[in-house]
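Secondary and tertiary structure notes
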Amino acid sequence: GENVEQHPSTLSVQEGDSAVIKCTYSDSASNYFPWYKQELGKGPQLIIDIRSNVGEKKDQRIAVTLNKTAKHFSLHITETQPEDSAVYFCAAPKGGFSGGYNKLIFGAGTRLAVHP
Amino acid sequence: GAGVSQSPSNKVTEKGKDVELRCDPISGHTALYWYRQSLGQGLEFLIYFQGNSAPDKSGLPSDRFSAERTGGSVSTLTIQRTQQEDSAVYLCASSLGRVEAFFGQGTRLTVV
């Protein structure tokens, strides 16, 4: 089945620096890759996603890149701010997404700390 | 409602008791998912509903766990004879037949 590995498990950066979180997946049928941000005491919030027909997607300070050949995708946060501090999760659907069924397999998470 | 709503937000129960966790998905969302998040861990898939049926129950850890969904809306996750290892945050998510899944805030279950 699908296995999603995420690293690093913790990441500490200075405000204004960039942060990169990487994930690898095992199921070549996976075709959708979301990233979630989870703040303390809250549920995960979808922040950006990418589908397998593109290699990169950007939304202001965040971007996601996808390398289907190598089966890895990464989250890039530029000009980090203290409010970016949270746990970030990557995910991939087991067997790909079709017909509304989206059984996401999550990575173990990365705890990002942005220091002022 | 505006988002996925879960209740209670916190639940403390004695070992051996049964508990029911409730999820109100976003109105109109046909797909509903339950995940479990143990302390400091990632999200573990439990069960998926499409409408009222559950085509994938593969993540339920044991037969003490069950879930149902009625009217294509509210879902209840029931844990019978709770054990300490059941302590976790139980998260519900819903989706409108598209890829994006939206999560509730979760129910923190503590079994003492």
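Heads up: the structure comes first, above all this text.
Residues numbered from 1 in each chain as written. Chains lettered and ligands numbered in written order. Predicted model: local features only at pLDDT ≥ 70, side-chain atom pairs only at ≥ 80, totals over all residues. Heavy atoms only, no water.

What follows concerns the sheet that holds strand β3 (residues 19-24) of chain B. Residue and element names in this part refer to chain B. Spatially, β1-β3-β8-β7 is the arrangement adopted by the four strands of the open sheet, whose pairing is antiparallel. The strands lining the two open edges of the sheet, one partner per strand, are β1 (5-7) and β7 (65-69). Across the sheet, the mean angle separating the axes of adjacent strands is 15 degrees when strand polarity is ignored. Note: β1 against β3, three bridges, orientation antiparallel. Across the sheet, Gln 6 pairs through a bridge with Cys 23, a residue of β3. (Pairing = 2+ DSSP bridges. Helix = DSSP H or I, 4+ residues; strand = E, 2+ residues; numbered from the N terminus. Axes fitted to C-alpha atoms, helices over the stretch in contact; angles between N-to-C directions.)

Moving on, we come to the state of the cysteines. All names here are of chain A. Per the stated rule, a full pass over the model turns up two disulfides over all chains. Disulfide pairing is shown between Cys 23 and Cys 90; the S-S distance is 1.9 Å. On the sign convention where negative is left-handed, the bridge of Cys 23 and Cys 90, at about -95 degrees about the S-S bond, is left-handed. Of this pair, Cys 23 sits in strand β3 (residues 19-25) while Cys 90 is found in strand β9 (residues 86-93), placing the two residues 67 residues apart along the sequence. What makes Cys 23 buried here is its relative accessible area of 1%. The exposure class of Cys 90 is buried, given its relative accessible area of 0%. (Disulfide = S-S within 2.5 Å. Buried < 20%, exposed > 50% of the residue type's maximum accessible area, 1.4 Å probe, protein only.)

Time to look at the packing of aromatic side chains. Residue and element names in this part refer to chain A. Evaluated as defined, the whole model comprises twelve aromatic pairs over all chains. Ring geometry for Phe 33 versus Phe 73: centroids 4.8 Å apart, planes at 45 degrees, classification tilted. Here Phe 73 lies in strand β8 (residues 72-77) and Phe 33 lies in strand β4 (residues 32-38), a separation of 40 residues in the sequence. In this structure Phe 73 comes out as buried when scored by relative accessible area, which is 0%. (Phe/Tyr/Trp six-rings, centres within 6.5 Å; stacked < 30°, edge-to-face > 60°.)

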